[in-house]
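Structural overview for review
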Amino acid sequence: MEKEKQKGDVINHFEAGSNCQVFTGSISGCVFAMPGATVNQAPVQQVVAKEYDNPISSNFGQENDDSRLLPETVERVFRFPSEYTKSCIVKIINEFYAGCAANLALIERVLYDHNQLKKNNQHKAFVQALVDWGIIDADTDITKTTNAITSKLRSPFPQDGYKSWGKGHTNDADTCKRIGENLPESMKYYRE
């Protein structure tokens with residue numbers, strides 16, 4: 001008695017020596033786990049980015065040949081540019097930025113220490129990518145903001161990961177830890 005396969009059906013094959021499932025529908029958003037595994041899954045919090053009159057970011061999310069258009073700066077700066085990454089960054093920007101370039105400098109360091117940025121200390125590219133992606137205001141003075149970030153992270157600012165910062169940087173390390181705690185488990189700290 002074999003049921004006819006229809007789009008979206010899951011057909012289980014439990015013949016001797018077989019342990020296979022065939023998925024004929026969309027697997028977007030699915031979790032696959034081995035038998036006996038514990039899966040803890042929480043829904044992703046939907047964060048809506050602010051809309052700005054930025055002609056580049058206004059194209060974000062429009063489909064063209066089944067691919068998403070991303071500003072070139074975003075692809076150059078972020079290691080894993082996606083709607084999910086964007087929503088995580090929007091969350092920490094809304095929580096910690098408050099229009100202060102010094103806070104943006106710490107956010108940049110945390111994102112780098114959590115392997116979300118391709119390069120460290122690329123402040124102008126980072127700020128430009130945030131503007132182009134529609135995460136911070138399009139009217140942001142990129143040069144002024146970049147100079148303020150550079151000033152904040154100027155030597156003798158530690159170059160190692162924020163979890164190992166010692167005396168003299170306790171407040172900044174505490175802020176970075178709070179920012180890092182607001183990133184999802186999938187964006188682990190990697191600089192130990």
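That block above? That's the structure.
Let me begin by describing the structure that accompanies this report.

Rules used throughout
- Residues numbered from 1 in each chain as written.
- Predicted model: local features only at pLDDT ≥ 70, side-chain atom pairs only at ≥ 80, totals over all residues.
- Heavy atoms only, no water.
- Helix = DSSP H or I, 4+ residues; strand = E, 2+ residues; numbered from the N terminus.
- Buried < 20%, exposed > 50% of the residue type's maximum accessible area, 1.4 Å probe, protein only.
- Contact = heavy atoms within 4.5 Å.
- Areas by Shrake-Rupley, 256 points an atom, 1.4 Å probe, with all protein chains shown as cover.
- Phe/Tyr/Trp six-rings, centres within 6.5 Å; stacked < 30°, edge-to-face > 60°.
- Lys NZ or Arg CZ within 6 Å of the ring centre and 35° of its normal.
- Axes fitted to C-alpha atoms, helices over the stretch in contact; angles between N-to-C directions.
- Left-handed = near helix turned anticlockwise from the far one by under 90°.
- Nonpolar A, V, L, I, M, F, W, Y, C, P; charged D, E, K, R; others polar.
- Salt bridge = Lys/Arg side-chain N within 4 Å of Asp/Glu carboxyl O.

**Considerations on the overall build of the chain**
- Assigned secondary structure in the chain consists of six helices and four strands.
- Along the chain direction, N to C, the helices and strands of the chain fall in the order β-β-β-β-α-α-α-α-α-α.
- Here the chain holds 192 residues, and 36% of them are scored as buried.
- Looking at the chain alone, contacts between residues at least 24 apart form 61% of all its contacts between residues at least 6 apart.
- For the chain, the exposed area adds up to about 12,500 Å²; of that, 47% sits on carbon and sulfur atoms.

**Side note on the environment of Phe157**
- Note on placement: Phe157 falls in the loop between α5 (142–152) and α6 (170–181).
- Classification of Phe157 by relative accessible area gives buried; the value is 6%.
- Along the sequence, Phe157 and His169 sit 12 residues apart, while their C-alpha atoms lie 8.0 Å from each other.
- Those residues within four positions of Phe157 in sequence are excluded, and the remaining contacts are Leu106, Arg109, Lys152, Trp165, His169 and Asp172.

**Overview of the packing of aromatic side chains**
- Summed over all chains, the structure comprises six aromatic pairs.
- Taking 6.3 Å as the distance between ring centres and 70° as the angle between the ring planes, the aromatic pair formed by Tyr112 and Tyr190 counts as edge-to-face. Of this pair, Tyr112 sits in helix α3 (residues 101–113) while Tyr190 sits in the segment after α6; the two residues are 78 residues apart in sequence, bridging distant segments of the chain.
- Between Tyr162 and Trp165, the aromatic rings sit 6.5 Å apart at their centres with planes inclined by 75°, giving edge-to-face as the arrangement. There is no split in this pair, since Tyr162 and Trp165 are both buried.
- The ring centre of Tyr189 lies 4.6 Å from the NZ or CZ of Lys163, which sits over that ring.

**Here's the deal with the packing of helix α2 (residues 83–97) against α3**
- Two elements in contact, α2 and α3, have axes whose closest approach is 10 Å; the angle formed by their N-to-C orientations is 145°. Judged by the sense of rotation from one axis to the other, the crossing of α2 with α3 is right-handed. Here Ile89, Ile92, Ile93, Phe96 and Tyr97 of α2 come into contact with α3, specifically with Ala101, Asn103, Leu104, Ile107 and Leu111.
- Residue composition of the contact of α2 with α3, by class: nine nonpolar, one polar and no charged.

**With respect to the environment of Lys86**
- Tracing the chain through its elements places Lys86 in helix α2.
- Along the backbone, Lys86 and Trp133 are 47 residues apart, and their C-alpha atoms lie at a distance of 8.1 Å.

**Quick look at the pattern of salt bridges**
- The full count for this structure, using the stated rule, is four salt bridges.
- Asp113 is the salt-bridge partner of Arg191, the closest N and O atoms lying 2.8 Å from each other. With Arg191 in the segment after α6 and Asp113 in helix α3, this residue pair connects regions lying 78 residues apart in the sequence.
- With relative accessibility at 24%, the residue Arg191 sits in the partly exposed group.
- A salt bridge links Asp172 to Lys152; its shortest N-O distance comes to 3.0 Å. Of this pair, Asp172 sits in helix α6 while Lys152 is found in helix α5, placing the two residues 20 residues apart along the sequence.
- Of the residues examined, Lys152 reaches a relative accessible area of 26% and is grouped as partly exposed.

Just geometry here; none of it tells us what the structure is for.
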